[in-house]
Amino acid sequence: MSHRMFLKEGRERSVELRHPWIFSGAVAKAPQGAEPGETVEILAADGAPLGSAAYSPASQIVARMWSFGPTPVEVGQDFFRGRIAAAARARGVEPGTLADSKTACRLVNAESDRLPGLVVDHYGPQLVCQLLSAGPERHKDAILAALRELFPGSPVFERSDVKARAKEGLPTRVGPLEGLEPADRVEIEEDGLKFLVDVKRGHKTGFYLDQRQNRARVAKACVGREMLNCFSYTGGFAVHALAAGASKVVNLDASADALAIAASNIQLNGHPDSSFENLEGDAFELLRRFRDSRRSFDVIVLDPPKFAETQGHLQRAARAYKDINLLAFKLLRPGGRLFTFSCSGLVDEALFGKIVAGAAFDSGRDVLVTGTLSQAPDHPWAPGFPEGRYLKGLECFVE
Ligand SMILES: C[S@@+](CC[C@H](N)C(=O)[O-])C[C@H]1O[C@@H](n2cnc3c(N)ncnc32)[C@H](O)[C@@H]1O
């Protein structure tokens, strides 16, 4: 008989509404003898079956739903093949060989694709996966077998080096799971532009795929204009801006490695060294230095890292967002545009809007919000899982 986990009275509602997380405080009776990652049946206090979940005894999120409803699922290779194929198709990617692929895309977006804790990205033929919680960790072989079936011949590299794994009591693991280790730089194309990606050591799985649409949108505003790409990483926004005809881009980032790849990416797309400037340092300091030296720009992108990791960080994060947005408004030339983002899930659209409004007000500039921005469609969210909707942005015009 499978392991069973009973919820406290009244705590079944969020599962019925298809939220995939069960917090330890909602549990009336934990499954006896279940191992980390094992599949457990979730039951309401009255015994009504709610679905099947992966057990994570070390985590505050003690179970993550694989399926909802009364019929339990068999979690194994067939299950993963079906779910991964469905996720790929939702992105217009037909399972099959990726040998000739030059593009990159997130194929599986964890909870949002009904595969909690599993991320799979592809960079051309190369697959990169992250196993973020106990469920995928336990079923790693089945996941790998499913990937082999769906994308024959594709090498698979594991990037399970995220902080979330520590909360699950899981160690960091990075290395090839299938095929050879990837090159230090994997070349991909995005909208016909070339990018080098460090899938072995770069942020996330190497590239911020979630900003794809926004890069194209920003580029349109950069024709003949000077752009400050603040928190530039490997220059994604800069390459798009230069391709659209920006007069110059300035990349600003704290990481020398990321800036070195940004320079390579700009050169790889045929732009001269005079087309860009790379500044390594702390954005909070450098933006102040620009203000003090009266340096100005036509377009500014602010794409900072996640400032709010926990609820306790929220106030400090709000201050940090306001600080950089206020500085950015001050640095814009008349007729300029700010594209400002937050990837902190805890800062929702309404709060982000208020922070940016406060910054606009304090800057004394006349500001219009000319667009709302979100994550790329290969980072979908499920309606019952609002946490999946983490990236938000505003396009602001400054008179
Ligand atoms: C969300 S990523 C930016 C992604 C990038 N816009 C892209 O499209 O590829 C955030 C970047 O901020 C950089 N960073 C973090 N803290 C910083 C700081 N205080 N000053 C400057 N850069 C910082 C990180 O190195 C990282 O490259």
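1. Remarks on the domain arrangement of the protein chain
Domain annotation of the protein chain identifies domain 1 (4–68), domain 2 (77–178) and domain 3 (208–398). A C-alpha centroid distance of 24 Å is found between domain 1 and domain 2. Between domain 1 and domain 2, the contact holds 17 residues from the first and 16 residues from the second. Sorting the residues of domain 1 by area buried against domain 2 places Gly 37, Arg 64 and Trp 66 first, and these three jointly supply 50% of that buried surface. Inspection of the domain 1/domain 2 interface yields 3 salt bridges. Here Glu 111 ties to Arg 64 by a salt bridge, and the two come within 3.2 Å at their closest N and O atoms. The interface formed by domain 1 and domain 2 contains 8 residue pairs in polar contact (both at pLDDT 80 or more). Contributions of two or more residues to the side of domain 1 that touches domain 2 are made by strand E5 (49–55) and strand E6 (61–68). Its residues assigned to classes, the side of domain 1 that touches domain 2 shows 9 nonpolar, 5 polar and 3 charged.

2. A closer look at the nonpolar core
Leu 228, Leu 287, Ile 300 and Leu 302 are the most contacted members of the largest nonpolar core, which totals 36 residues. When contributions to this core are tallied by element, the ones reaching two or more residues are strand E14 (226–230), strand E15 (248–253), helix H9 (283–292), strand E17 (297–302), helix H10 (314–331), strand E18 (332–342), helix H11 (349–363) and strand E20 (392–398). The element best represented in this core is H10, accounting for 10 residues. With sequence-adjacent residues up to four places away left out, Ile 300 is seen in contact with Leu 228, Ala 328, Leu 331, Leu 332, Arg 337, Leu 338 and Phe 339.

3. Here's the deal with the pattern of salt bridges
Two side chains of opposite charge can pair, provided their charged atoms sit close to one another. This model, assessed by the stated rule, comprises 36 salt bridges. Here Arg 64 and Glu 168 are joined by a salt bridge, their closest N and O atoms 2.7 Å apart. In this pair, Arg 64 sits in strand E6 while Glu 168 sits in the loop between helix H5 (164–167) and strand E11 (173–178), placing the two residues 104 residues apart along the sequence. Grouping residues by exposure puts Arg 64 and Glu 168 together as buried. Arg 295 is paired through a salt bridge with Glu 277; the nearest N and O atoms lie 3.0 Å apart. Of this pair, Arg 295 sits in the loop between H9 and E17 while Glu 277 sits in strand E16 (residues 276–280), and the two are 18 residues apart along the sequence. Arg 295 sits in the partly exposed class, given a relative accessible area of 24%. Among the charged side chains, a network of salt bridges with common partners joins Glu 181, Asp 184, Arg 185, Asp 198, Lys 200 and Arg 201.

Cut-off values and rules
- Residues numbered from 1 in each chain as written.
- Predicted model: local features only at pLDDT ≥ 70, side-chain atom pairs only at ≥ 80, totals over all residues.
- Heavy atoms only, no water.
- Domains from an automatic or database assignment.
- Contact = heavy atoms within 4.5 Å.
- Buried area = accessible area lost by both parts, 1.4 Å probe.
- Salt bridge = Lys/Arg side-chain N within 4 Å of Asp/Glu carboxyl O.
- Polar contact = N/O pair within 3.5 Å; in protein donor to acceptor, adjacent residues only side chain to side chain.
- Helix = DSSP H or I, 4+ residues; strand = E, 2+ residues; numbered from the N terminus.
- Nonpolar A, V, L, I, M, F, W, Y, C, P; charged D, E, K, R; others polar.
- Core = buried A, V, L, I, M, F, W, Y, C linked by side-chain atoms within 4.5 Å.
- Buried < 20%, exposed > 50% of the residue type's maximum accessible area, 1.4 Å probe, protein only.

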